[in-house]
Amino acid sequence: GSQIPIGDQKDITEYHLNFLSRIEEALYIQDKLKKLDDEQEKALFSVEDAPDSFMNTSGRLSSPDKKESTSSVITREYFGRMIQIREFVQEGSKKTQQESSLFGPIILDIAHKDLYTSIENYCSFTIDDFRAPSGEVTKAVGSVWIDKLPDTLFFQLQRVSFDKESGQPIKMNDP
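Residues numbered from 1 in each chain as written. Predicted model: local features only at pLDDT ≥ 70, side-chain atom pairs only at ≥ 80, totals over all residues. Heavy atoms only, no water.

A few points about the sheet that holds strand β1 (residues 80-90)
Selection rule: The pairing criterion is simple: DSSP has to find at least two bridges between the two strands. Here a strand is any run of E in DSSP of at least two residues, a helix any run of H or I of at least four, and the numbering for each starts at the N terminus. Axes here refer to lines fitted to C-alpha atoms; in helices the fit is confined to the stretch in contact. Angles between the N-to-C directions go from 0 to 180 degrees. Only heavy atoms enter the contact rule, under which two residues are in contact if any of them lie within 4.5 Å.
Strand order in this open sheet of four strands is β2-β1-β5-β4, and the pairing throughout is antiparallel. For this open sheet the edge positions go to β2 (93-103) and β4 (124-131), each flanked by a neighbour on one side alone. Put simply, the sheet's adjacent strands are angled 30° from each other on average, direction ignored. Pairing of β1 with strand β5 (residues 137-148), which is carried by eight bridges, proceeds in the antiparallel orientation. Bridging from a neighbouring strand, Arg81 pairs with Lys148 of β5. Together, β1, β4 and β5 form the strand contacts of helix α5 (residues 115-123), whose direction differs from that of β4 by roughly 40°.

Observations concerning the pairing of strand β8 (residues 168-171)
Examined bridge by bridge, strand β7 (residues 160-163) and β8 share four bridges and lie antiparallel to one another. Within the sheet, the bridge partner assigned to Val160 lies in β8 and is Lys171. Remark: four residues form the turn of the hairpin made by β7 and β8, two consecutive strands paired antiparallel; Gly167 in that turn has positive phi of roughly 75°.

Printed below as a string of structure tokens:
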């Protein structure tokens, strides 16, 4: 599979997802090689046949074969299924978007000071500059519902926020 670049500055979530992606890749290749009976076929299959990454740009697990991806050991252990709902007004009428996807670590903002408030804000939030399907920028209310928990659930504390006015990240050092 693909090597994990050493020396790149990544936050823990990026590294965690990249690491799990590499394990998933290796398991995918191993499974494909086991299924090949003929030595000649084994010679035709190479590491390059495996996907570059099982993680899409949003950090959600994906695979060329959704059935294999959703039943893999890595997916069952570290990824759950969530339903995201976004409600917004478009051209004067209320609209709702719903999307189901796999999720990895739940990222909690430490600015809320306690676990319950952080989880509440993760599951219910406002999007100030939501782009509706029509292209219109509007305000939306979002919610996240956990449909299926992974066997191992990770929480990550988000210690960096983005200041829109200055355009700079701000590290929060509050206890």
